[in-house]
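# Breakdown of the fold
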Amino acid sequence: MRFRSLGSGSSGNGTLVEVRSESRTSRLLIDCGFNLRQLDQRLAREGLTASDLDAVFITHEHGDHIGCAHALSQREGVDVWMSEGTWLATGAPDYGGRLRLARDGEAVEVGEMQLQPFTVPHDAREPLQLRCTDGARVLGVLTDLGHASSHVMARLAGIDALVLEFNHDVALLSQSRYPPFLKRRVGGNYGHLSNAAAAEIARAVHHPGLRHVVAAHLSAQNNRPEIVRLAMAEALGAAEHEMLTADAAGGSPWLDA
């Protein structure tokens, strides 16, 4: 199993997960917060087209995550998984029989991989993040949450790789031009993870078998990659230059889970 971010930030998010077996290759896109043209271009850089996707999983209804999901499903006939709350929050559109409803704790099979959705504290109607496995390795995807509940931490136990939100630096957010209500939302318990909060999660889940942590969803206004890498290095006991961050334009390289 391998994965890469196609782009991560407030302008759009998408993570591609691929599992190869002797008989087939399964591909899942977690969030597609781009327009169709942007998604096609990002897939093309990997030698892929949208028709190569087995399914799309939408974590919640915010535009930088759901993006072109409906248009993609209509064009390609690809299954789109999301919670019922997410579907209702977007106006309950018709997916032409391709909508699949996911629930906390109920496993989902996509080709050669199994998805294990879990709820997170975020200001969306029914947000879900993911634990993905091919039976041998486990990838955790955790973005867009205000704090790590005990339920969240339980789902991250024993993972081999993690895509983790490092959204904002608390000092930069407090000094930013964001209006007060937006600062409260971003920094609140149902907003986004600060660097310090994310570093605590990374420290808590760290074990000898954890191969990769990729910092994602960095705020362009309220964060800096160098601050994130320092926080990650301190949490994981590693060198700063070894730390990986996914950016909005290029995402991250392919990594084995």
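Located above this text is the structure these notes cover.
Quantities reported herein were computed from a predicted structural model and do not represent experimental measurements.

### Here we look at helix H8 (residues 195-205)
Among the residues making up H8, those that are buried are Asn 195, Ala 198, Ala 199, Ile 201, Ala 202 and Val 205. In a view along the axis of H8, the buried residues occupy a sector of 155°, so they form one face of it. Among the exposed residues of H8, those oriented more than 90 degrees off its buried face are Ala 196 and Ala 204. Looking at the buried residues of H8, the elements they touch are strand E10 (138-142), helix H5 (150-155), strand E11 (161-165) and helix H9 (225-236).

### Comments concerning the pairing of strand E8 (residues 113-119)
Burial analysis of E8 places 5 of its 7 residues in the buried class, the great majority of the element. Of the pairings in the sheet, the one linking strand E7 (residues 108-110) to E8 comprises 3 bridges and is antiparallel in character. Paired with Glu 109 across the two strands is Gln 114, which belongs to E8. Taking the residues between adjacent antiparallel strands as the criterion, E7 and E8 are bridged by 2 residues, where Gly 111 takes a positive phi near 55°. Bridging between E8 and strand E9 (residues 128-133) involves 6 bridges; their strand directions are antiparallel. Pairing of Phe 118 across the sheet is with Gln 129, part of E9.

### Topic: the sheet that holds strand E2 (residues 14-20)
Ordered in space as E6-E5-E4-E3-E2-E1-E14, the 7 strands form an open sheet in which the pairing is mixed. With partners counted over all chains shown, the strands left at the sheet margins are strand E6 (99-102) and strand E14 (255-256), one partner each. Relative to strand E4 (residues 55-57), strand E3 (residues 25-30) is paired through 3 bridges, and the arrangement is parallel. Across the sheet, Leu 28 pairs through a bridge with Ala 55, a residue of E4. Contacting strand E1 (2-7), E2 and E3, helix H1 (residues 36-44) crosses the sheet at an angle of about 140° to E1.

### A few points about the state of the cysteines
A covalent bond between the sulfur atoms of two cysteines is referred to as a disulfide. Evaluation of the coordinates by the stated rule reveals 0 disulfides. This cysteine, Cys 68, is not joined by any disulfide, and Cys 32 carries the nearest cysteine sulfur, 4.2 Å off. Residue classification places Cys 68 among the buried positions, given a relative accessible area of 6%.

### Some thoughts on unusual backbone geometry
Residue Asp 31 is not a glycine yet carries a positive backbone phi of 70°. With respect to the helices and strands, Asp 31 occurs in the loop between E3 and H1. Of note in this structure, Asp 144 is not a glycine but carries a positive phi near 60°. On the secondary structure map, Asp 144 appears in the loop between E10 and H5.

### As for the packing of H1 against helix H3 (residues 69-76)
Contact geometry of H1 with H3 gives a least axis separation of 10 Å together with a crossing angle of 70°. The angle between H1 and H3 falls in the class roughly perpendicular. Counting all contacts with H1, which are made through Leu 36, Leu 39 and Asp 40, the residues of H3 involved are Ala 71, Leu 72 and Arg 75. Its residues assigned to classes, the contact of H1 with H3 comprises 4 nonpolar, no polar and 2 charged.

### Considering the packing of aromatic side chains
Counted according to the given criterion, the structure contains 0 aromatic pairs. Seen from the ring of Trp 254, Arg 2 lies directly overhead, with NZ or CZ sitting 3.7 Å from the centre.

Reading the values: rules and limits
Residues numbered from 1 in each chain as written. Predicted model: local features only at pLDDT ≥ 70, side-chain atom pairs only at ≥ 80, totals over all residues. Heavy atoms only, no water. Buried < 20%, exposed > 50% of the residue type's maximum accessible area, 1.4 Å probe, protein only. Helix = DSSP H or I, 4+ residues; strand = E, 2+ residues; numbered from the N terminus. Arc of directions from axis to C-beta. Contact = heavy atoms within 4.5 Å. Pairing = 2+ DSSP bridges. Axes fitted to C-alpha atoms, helices over the stretch in contact; angles between N-to-C directions. Disulfide = S-S within 2.5 Å. Parallel < 35°, antiparallel > 145°, perpendicular 65-115°, else oblique. Nonpolar A, V, L, I, M, F, W, Y, C, P; charged D, E, K, R; others polar. Phe/Tyr/Trp six-rings, centres within 6.5 Å; stacked < 30°, edge-to-face > 60°. Lys NZ or Arg CZ within 6 Å of the ring centre and 35° of its normal.

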